[in-house]
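Each chain, written out:
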Amino acid sequence: MRRLLCLSLLLLNFGLTHPSHGHDRARAPLRVPDLPGFLTLKCDFHTHTVFSDGKVWPDIRAEEAWREGLDAIAITDHIEHQPHKKDLPTAHNRSYQIARGHGEALQLLVIPGSEITRSMPPGHLNAIFLKDATRLDVPDWRDALAEARRQGAFIFWNHPGWRAQQPDGRARWYPEHDQLLAQDQLHGIEVVNERDYYPEAHAWCLEKNLTMLSNSDIHNPIGLDYDLHLGDRRPVTLVFARERSLDAIREALFARRTAVLAGHRLIGRDEHVRPIFERSLRILTPQVRVRGTGRAYVQIQNDSDIPYELRFRAEDPDLAFPGELRLPAGRVALLEVRGRAADRQGQRTVRLTCEVTNVLIRPDTPLTAHLEFQVTLVPQ
Ligand SMILES: [Zn+2]
Ligand SMILES: [Zn+2]
């Protein structure tokens, strides 16, 4: 009996410590290139904890984000919606304080925030970089937003097409939002919340010169909503910051230097998403040789964690290209180049125009880019 017990303890111990069980406290970097002069920081500015209607203790939010390769999160518990009030006292600054402590230990930036939770209009708005969230706990939303602004907060409109407030899923702009804009109390909009993309919000950001955001609005433990081990991940706001600090993030948000990375989609202004795309790729074989009607392969390495989907618009008298090509994250893809005639010869620079169909610069407009390489044509 005692031997059996020893054996089972041994097995138990082996089971708990064996590395293949995936319980390592390890960070998976999220690789997105930096822009010239700016670091690309990966941020989630909308998260909940048990201090409002979330399901986790605040320090877990910091650990989850660190493991997912994020640089910063904001803790944004609801001011007006506190279903655990009987078990946890109302303490609007407390969840941030707890998360910040663990964030400091992990060198993850944690930003104080709150969700001002009202019916539509104006709907739900997050105020981040607050100094004292308790002062937002007032009856009139106008007073709450004015107070947030007095504290220097960056304020954005959350999930504008949320079906609980807009049953058809379409975001609508109300006169109240014009008022907020005029009073400098609305600086950005969530173009993506959770897995929902709001094309109307995307268009408003361009039209009204607002900051684009993409956030998880996570309530559950992150692993319940995202299959992290299968490569699934939360949406993030990419922030192009001068350095990795809270001040630099705040400055970049007010300067509208952000983009949206959600699912396989990258959304942003041309000036931001173009260098991300271009800096993600390396052409490993910049010179290829095509013999007659034979084929050659241009090898393209994608160093980022963003898979790109290309559609070619090629009209070339000498060479044929595929209609589409996928560039999987972290891999080398083959672009097939085929000769059209047996007798062609000479060296050519090919500047192949493509639409990057998963990178949007407007709701219906993909990024247009070019791949450049040399082809030597040799007669058959
Ligand atoms: Zn909300
Ligand atoms: Zn929320």
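The present account deals with the structure reproduced in this document.

Thresholds applied
Residues numbered from 1 in each chain as written. Chains lettered and ligands numbered in written order. Predicted model: local features only at pLDDT ≥ 70, side-chain atom pairs only at ≥ 80, totals over all residues. Heavy atoms only, no water. Donors = N, O, S within 2.8 Å, 3.2 Å for Na, K, Ca; no water. Tetrahedral: all angles 85-135°; square planar, octahedral: opposite > 155°, others 65-115°. Helix = DSSP H or I, 4+ residues; strand = E, 2+ residues; numbered from the N terminus. Buried < 20%, exposed > 50% of the residue type's maximum accessible area, 1.4 Å probe, protein only. Core = buried A, V, L, I, M, F, W, Y, C linked by side-chain atoms within 4.5 Å. Domains from an automatic or database assignment. Contact = heavy atoms within 4.5 Å. Pairing = 2+ DSSP bridges. Phe/Tyr/Trp six-rings, centres within 6.5 Å; stacked < 30°, edge-to-face > 60°. Lys NZ or Arg CZ within 6 Å of the ring centre and 35° of its normal.

### Side note on the coordination of the zinc ion (ligand 2)
Bound to the zinc ion (ligand 2) are the protein donor atoms His46 (NE2), His48 (NE2), Glu115 (OE) and Asp217 (OD), situated 2.1 to 2.2 Å from the metal. Relative to the metal, the four donor atoms surrounding the zinc ion (ligand 2) lie at angles of 80 to 166°, and the coordination shape comes out irregular. Coordination of the zinc ion (ligand 2) draws on donor residues from a single chain, spaced H-x1-H-x66-E-x101-D in sequence. Metal-to-metal, the separation of the zinc ion (ligand 2) and the zinc ion (ligand 1) is 3.5 Å; Glu115 coordinates the two. One end of the pair, His48, is in the loop between β1 (39-44) and α2 (58-67); the other, Asp217, is in the loop between β8 (211-215) and α7 (222-225), and 169 residues separate them in sequence. On the basis of relative accessible area, His48 is assigned to the buried category, the value being 0%. Relative accessible area serves as the criterion here: at 11%, Asp217 is assigned to the buried category.

### A closer look at the nonpolar core
Tyr308 and Phe373 are the most contacted members of the largest nonpolar core, which has 53 residues in total. Summarising the domain contributions, this core has at least three residues from each of domain 1 (26-263) and domain 2 (277-378). When residues no more than four places from it in sequence are discounted, the contact partners of Tyr308 are Ile276, Phe277, Ser280, Leu281, Asn302, Leu325, Arg326, Leu327, Val356, Asn358 and Val359. Counting residues in hydrophobic clusters, the runner-up holds 33 residues, among them Leu125, Leu136, Leu186 and Ala262.

### A few points about the coordination of the zinc ion (ligand 1)
Those protein atoms acting as donors to the zinc ion (ligand 1) are Glu115 (OE), His124 (ND1) and His159 (NE2), and they sit at 2.0 to 2.2 Å. In the primary structure, the donors to the zinc ion (ligand 1) are separated according to the pattern E-x8-H-x34-H.

### Notes on the pairing of strand β18 (residues 332-339)
The alternating pattern of β18 places Ala333, Leu335, Val337 and Gly339 on a buried face and Val332, Leu334, Glu336 and Arg338 on a face that is not buried. In the sheet, strand β14 (residues 295-302) pairs with β18 via seven bridges, with the strands oriented antiparallel. When the sheet's bridge partners are listed, Val298 is paired in β18 with Leu335. Relative to β18, strand β16 (residues 319-320) is paired through two bridges, and the arrangement is antiparallel. Across the sheet, residue Ala320 finds its bridge partner in β18, namely Arg338.

### Considerations on the packing of aromatic side chains
Taken as a whole and judged by the stated rule, the model has eight aromatic pairs. Measuring from ring centre to ring centre gives 5.4 Å for Phe51 and Trp57, while their planes differ by 50°; the resulting arrangement is tilted. Considering the side-chain rings of Trp157 and Trp173, the 5.8 Å spacing of their centres and the 65° angle between planes classify their relative orientation as edge-to-face. In this pair, Trp157 sits in strand β5 (residues 154-157) while Trp173 sits in the loop between β5 and α5 (175-182), placing the two residues 16 residues apart along the sequence. What makes Trp157 buried here is its relative accessible area of 0%. On the accessibility criterion, Trp173 (19% relative accessible area) is buried. Cluster of aromatic residues (ring-pair linked, three or more members): Phe154, Phe156 and Phe254. The ring of Trp173 carries the charged tip of Lys208 above its face, separated from the ring centre by 4.2 Å.

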